[in-house]
Amino acid sequence: LMMVISVGMIVFGSIILVFFYMRHEGNQLKEALHIAENDSLTQLGTQFLLRNHNDLRNPGTDFKLIIIQIHGLRQINSDSGWDQGNEALKFFAKATQQSFPDHCKFFRLNPALFAVWSPSELINSRLEDSLHFLNHEVESSPYPQLKFSIGTASTLQFNNTSDLITAAQKKLIKYVRPS
């Protein structure tokens, strides 16, 4: 009887160890996925998250990708150092989020390239106003030397993220506030 109890305790203990191991591994996987999907500096989504966005899996839905490329960041880094450049990036990320409607999703694709994702019907009429507001935020900030270019592409024209990003980047034009 003691032997059966001992074997039972060993089996039960082993099951508990396996459970805790699997739980620990699952937490590491969740943490790795969080790191891959979220930019630690700006708290925006990453290119990995955008590439795996569920909205692209619904054919026929019209979403717009707005690419925003920052100009002037190298000058800030050269003149004031990387810490100031990082602060400028954080500022730009926050200003972008505040400039666009609440339903938009935001991503940082590379150090100076941001993306805004929105259903087309909700952003088309508000895009120019959002860009004016973003421009105003930048001009009245500690980083007025930052300028930006924008490019857009629609999911009706492209069915994968790589083509969508490439198309929007090819359309990049320097934003100049209309007088």
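Residues numbered from 1 in each chain as written. Predicted model: local features only at pLDDT ≥ 70, side-chain atom pairs only at ≥ 80, totals over all residues. Heavy atoms only, no water.

1. What about the environment of K174?
Reasoning step 1: Checked against the element boundaries, K174 lands in strand β6 (residues 173-174).
Reasoning step 2: Classification of K174 by relative accessible area gives exposed; the value is 52%.
Reasoning step 3: Taking the C-alpha atoms as reference points, K174 and F148, 26 residues apart in sequence, are found 6.0 Å from one another. (Helix = DSSP H or I, 4+ residues; strand = E, 2+ residues; numbered from the N terminus. Buried < 20%, exposed > 50% of the residue type's maximum accessible area, 1.4 Å probe, protein only.)

2. As for the packing of helix α3 (residues 73-80) against helix α4 (residues 82-99)
Reasoning step 1: Relative orientation of the contacting elements α3 and α4 amounts to 145°, with a least axis distance of 7 Å. Listed contacts from α4 to L73, I76, N77 and S80 of α3 are W82, Q84, G85, A88 and L89.
Reasoning step 2: The residue makeup of the contact of α3 with α4, split by class, is five nonpolar, four polar and no charged. (Axes fitted to C-alpha atoms, helices over the stretch in contact; angles between N-to-C directions. Contact = heavy atoms within 4.5 Å. Nonpolar A, V, L, I, M, F, W, Y, C, P; charged D, E, K, R; others polar.)

3. As for the pairing of strand β5 (residues 147-154)
Reasoning step 1: The buried count for β5 comes to six of eight residues, which makes it a mostly enclosed element.
Reasoning step 2: Bridging between strand β2 (residues 63-71) and β5 involves eight bridges; their strand directions are antiparallel. Residue pairing for β5: I70 is matched across the bridge by F148. (Pairing = 2+ DSSP bridges.)

4. Comments concerning helix α6 (residues 127-139)
Reasoning step 1: Its 13 residues place the ends of α6 18 Å apart at the C-alpha level, agreeing with the 18 Å of an ideal helix rising 1.5 Å per residue.
Reasoning step 2: Turning to α6, the residues buried within the fold contact β2, α4, α5 (120-123) and β5. (Expected span 1.5 Å × (residues − 1).)

5. Quick word on the sheet that holds strand β1 (residues 45-46)
Reasoning step 1: On the basis of which strands lie adjacent, the open sheet formed by six strands has the order β1-β3-β4-β2-β5-β6 and mixed pairing. Because the sheet does not close on itself, it has two edges, and the strands there are β1 and β6.

6. Re the packing of aromatic side chains
Reasoning step 1: For the coordinates displayed, the defined rule picks out five aromatic pairs.
Reasoning step 2: On the basis of an interplanar angle of 10° and a centroid distance of 5.4 Å, the ring pair of F63 and W117 is categorised as stacked. Here F63 is found in strand β2, whereas its partner W117 is found in strand β4 (residues 113-119), with 54 residues between them in sequence. Residue F63 shares its accessibility class with W117, and that shared class is buried.
Reasoning step 3: Ring geometry for F91 versus Y143: centroids 5.7 Å apart, planes at 45°, classification tilted. Separated by 52 residues along the polypeptide, F91 in helix α4 and Y143 in the loop between α6 and β5 bring together distant segments of the chain.
Reasoning step 4: Members of the aromatic cluster, each reached through a chain of ring pairs, are F92, F114 and F148. (Phe/Tyr/Trp six-rings, centres within 6.5 Å; stacked < 30°, edge-to-face > 60°.)

None of this, on its own, says anything about what the molecule does.
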